[in-house]
2 protein chains.
Amino acid sequence: MRVYIQRYPVGVTMIGAQVAKIIESKNPDFPVGRRIVGYLGWRTHTIINPHRSSEYEFLSQKPTLVPDIGDLSPSLYLGILGMPGATAYFGLLEICKPKQGEVLVVSGAAGAVGSLVGQIGKHVFGLTVIGIAGSDEKCKWLVEELGFDHAINYKKGDVEVALRKAVPKGIDCYFDNVGGDISSIVIYQMKPFGRIAVCGSISSYNADSSSLPKSTILQPSFVFNQLKMEGFVVTRWDNRLSEATKKNLQWIHEGKLRYRETITKGFDNMFDAFVGMLQGKNIGKAVVQV
Amino acid sequence: MRVYIQRYPVGVTMIGAQVAKIIESKNPDFPVGRRIVGYLGWRTHTIINPHRSSEYEFLSQKPTLVPDIGDLSPSLYLGILGMPGATAYFGLLEICKPKQGEVLVVSGAAGAVGSLVGQIGKHVFGLTVIGIAGSDEKCKWLVEELGFDHAINYKKGDVEVALRKAVPKGIDCYFDNVGGDISSIVIYQMKPFGRIAVCGSISSYNADSSSLPKSTILQPSFVFNQLKMEGFVVTRWDNRLSEATKKNLQWIHEGKLRYRETITKGFDNMFDAFVGMLQGKNIGKAVVQV
């Protein structure tokens, strides 16, 4: 949302996904009382034609009905069963391409995407998983509740040293949500033929595009260890979205995936919730309940 | 050579490829008078068992007989018909995966590898090719003799502006020999799903490994445009080496590839020739004739 909105003129309704309840309908396929998920923007109420693409060019999927998932909250379609869940699933599977026994490092590890990436890596692929996050509370959650092998609080101590200590033989896969200095540190500890999935670059989202931050250059490590790095946006797998949702739901039921939501109440608190998320105040998916 | 030698202890004979004439032989497959090419190090005379791998762990191919190539110089087996030729061929083909009509940028474009990458791109794949090099003489050679569409002297003027002017619609493929600031500039002008082959990082070879240079971070452009970057060493295609040599020889005969050698005479001038090459004083392959 932080990045995509920059492509639109000032004044456009802020981009964002919603799970919304249908309160009026002229379409029998979308009956009153059911819920839909879609890119409806930051709105309390929306009038839409569900057969039309979203108004947002870069996130143009049509809204879809939220299926019945029993006791689980429909808000999961904004997180583990929605776009963040698919981002974690496809990014790890298709870009990192991990093999059992390999070492995976995840930055932004306590966020909606990172926390899933680490768990899928650990409990589905059998990887050794190291998370990098920004508080002791987050690190504790990653290790004690989600089963990460190790978590590093980048705000305390030296990430380079901590990482070398945790995985002295090096790193096979890096799932990157942050970019910048932390990523340079991780990448210089990668093994030959290591793979890097670049999902986000939150460390630079506030920088002016004409004065982006500088970090240690990556090319020497790329040549030396024949590394591969690929940036991705989950929309490239739009036609396989249901595969990710199905797997993630199955893994929730099997006890392999846990999740957390940081819920802010009230539409008027949306902005603060959003900025707080960018500052790392949330654990798991940041949701605003209207 | 500059990078690999750092993996060996001080005192080891400097790594390097030679075309050498056989002046004594106990092996009928390697008769006196024929020439071999191999990683023999910086030596005037070498006693070897040709069935044994090279002493250099990272460049361990066995020496091979240089075939008869008529009027062409056997020294081409150090350049266009040897490792640099294969590096250009496989790096462009297998990492950049160019499609006809795309835009290719090559840095270090007047070097042994870069000058071939651009020509293969232009005359074999039908790409629009922009070279970045360090002198007007090199740029003139690239455009007027090798057929590059455009060449930019990075020591004169603003590469970012010159590049945007040369290819306003953006770049599909980037073959990178230099790393650092120039690469950040190129990468921020790439199109969605652009591919980057990292062949070298000559801009940082003199830096201490504990204080590598910093440049504008790459992750924002990677996410935004879903770019892919891969570092490579040509040895990964050792079993396909003859394919590259055959193709490059064929393209020489068809007039598609031209080459140049910067020849330094005398073994004692080896060091100066080597440092000169790292400073960009050569055009095409730097060869020392003993």
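Just so you know, these numbers come straight off a predicted model, no measurement behind them.

Let us look at the relation of the copies chain B and chain A. Rotating chain B by 180 degrees and translating it 0.0 Å along the rotation axis places it on chain A, where the RMSD comes to 0.0 Å. Such a combination of rotation and displacement between the chain copies is what one expects of a two-fold axis. When the interface residues of chain B are mapped onto chain A, 100% of them again lie at the interface, so the same face is used by both copies.

Before going further, it helps to spend a moment on the nonpolar core. Of all hydrophobic cores here, the largest spans 48 residues; its most connected members are L81, L104, V117, L142 and F175 of chain B. Taken together, the elements giving at least two residues each to this core come down to α1 (83-96), β4 (103-107), α2 (114-124), β5 (128-133), α3 (136-145), β7 (171-176) and α7 (241-253) of chain B. Considering each element in turn, this core owes the most residues, seven residues, to α1 of chain B. Here this core spans two domains, and each of domain 1 (1-74 + 262-288) and domain 2 (83-234) of chain B adds at least three residues to it. Once you skip the residues sitting within four places of it in the chain, L142 of chain B turns out to touch A109, A110, G131, A133, G147, F148 and A151 of chain B. L104, C139, L146 and A244 of chain A belong to the second-largest nonpolar core, a separate cluster that totals 47 residues.

For the rest of this paragraph, the subject is helix α7 (residues 241-253) of chain A. Residues and elements named next belong to chain A. The terminal C-alpha atoms of α7, which comprises 13 residues, lie 19 Å apart, in line with the 18 Å expected from a rise of 1.5 Å per residue. Buried within α7 are the following residues: A244, T245, N248, L249, W251 and I252. Axial view of α7: buried residues confined to an arc of 165 degrees, hence all on one face. Away from its buried face by more than 90 degrees, α7 exposes S242, K246 and H253.

This brings us to the UniProt feature "domain: Alcohol dehydrogenase-like C-terminal" (unreviewed entry) in chain A. Here, UniProt's "domain: Alcohol dehydrogenase-like C-terminal" (unreviewed entry) annotation points to residues 112-244 of chain A. End-to-end, the C-alpha atoms of residues 112-244 of chain A are 15 Å apart, and along that stretch the chain is 38% helix and 24% strand.

Of all eight residues in helix α5 (residues 180-187) of chain B, six are buried, a share of seventy percent or more. Burial in α5 of chain B covers these residues: G180, I182, S183, S184, V186 and I187 of chain B.

Here the focus is the packing of aromatic side chains. Inspection of every chain in the model, using the stated rule, returns twelve aromatic pairs over all chains. Plain terms: the ring middles of Y89 of chain A and F90 of chain A are 5.0 Å apart, the flat faces sit at 80 degrees to each other, and that makes the pair edge-to-face. Given the relative accessible area of 0%, F90 of chain A is considered buried. With a centroid separation of 5.4 Å and 80 degrees between ring planes, the pair formed by W42 of chain B and F274 of chain B is classed as edge-to-face. Pair noted here: W42 of chain B is in the loop between β2 (35-38) and β3 (64-65) and F274 of chain B is in helix α8 (residues 270-278), with a separation of 232 residues, a long-range link.

Take the packing of helix α1 (residues 83-96) of chain A against helix α2 (residues 112-124) of chain A next. Packed helices, taken two at a time, are described by the angle between their axes plus the distance between the axes. Residues and elements named next belong to chain A. Put simply, α1 and α2 touch, their axes get as near as 8 Å, and they point 45 degrees apart. Considering the angle they form, α1 stands oblique to α2. For the pair α1 and α2, the sense of crossing is right-handed. Contacts between α1 and α2 pair P84, G85, T87, A88, Y89 and L92 from the former with A112, V113, L116, V117, I120 and G121 from the latter. Per-class residue counts for the contact of α1 with α2 are nine nonpolar, three polar and no charged.

Listed per partner, the contact involves 35 residues of chain B and 35 residues of chain A. For the pair chain B and chain A, the summed buried area comes to about 3100 Å², and 63% of that belongs to carbon and sulfur atoms. Scanning the region where chain B abuts chain A turns up two salt bridges. E230 of chain B is paired through a salt bridge with K228 of chain A; the nearest N and O atoms lie 3.9 Å apart. Remark: the boundary between chain B and chain A carries twelve residue pairs in polar contact (both at pLDDT 80 or more). Within the residue set of the side of chain B that touches chain A, elements represented by two or more residues are α5, β8 (190-198), β9 (214-216), α6 (219-225) and β10 (228-231) of chain B. By residue class, the composition of the side of chain B that touches chain A is 17 nonpolar, eleven polar and seven charged. As judged from the three bridges shared by strand β9 (residues 214-216) of chain A and β9 of chain B, these two strands associate in the antiparallel manner. Bridging from a neighbouring strand, K214 of chain A pairs with T216 of chain B of β9 of chain B.

Basis of the calculations
Residues numbered from 1 in each chain as written. Chains lettered and ligands numbered in written order. Predicted model: local features only at pLDDT ≥ 70, side-chain atom pairs only at ≥ 80, totals over all residues. Heavy atoms only, no water. Least-squares fit on C-alpha atoms with pLDDT ≥ 70 in both. Contact = heavy atoms within 4.5 Å. Core = buried A, V, L, I, M, F, W, Y, C linked by side-chain atoms within 4.5 Å. Buried < 20%, exposed > 50% of the residue type's maximum accessible area, 1.4 Å probe, protein only. Helix = DSSP H or I, 4+ residues; strand = E, 2+ residues; numbered from the N terminus. Domains from an automatic or database assignment. Expected span 1.5 Å × (residues − 1). Arc of directions from axis to C-beta. UniProt positions renumbered as here; feature names shortened; annotations may be inferred. Phe/Tyr/Trp six-rings, centres within 6.5 Å; stacked < 30°, edge-to-face > 60°. Axes fitted to C-alpha atoms, helices over the stretch in contact; angles between N-to-C directions. Parallel < 35°, antiparallel > 145°, perpendicular 65-115°, else oblique. Left-handed = near helix turned anticlockwise from the far one by under 90°. Nonpolar A, V, L, I, M, F, W, Y, C, P; charged D, E, K, R; others polar. Buried area = accessible area lost by both parts, 1.4 Å probe. Salt bridge = Lys/Arg side-chain N within 4 Å of Asp/Glu carboxyl O. Polar contact = N/O pair within 3.5 Å; in protein donor to acceptor, adjacent residues only side chain to side chain. Pairing = 2+ DSSP bridges.

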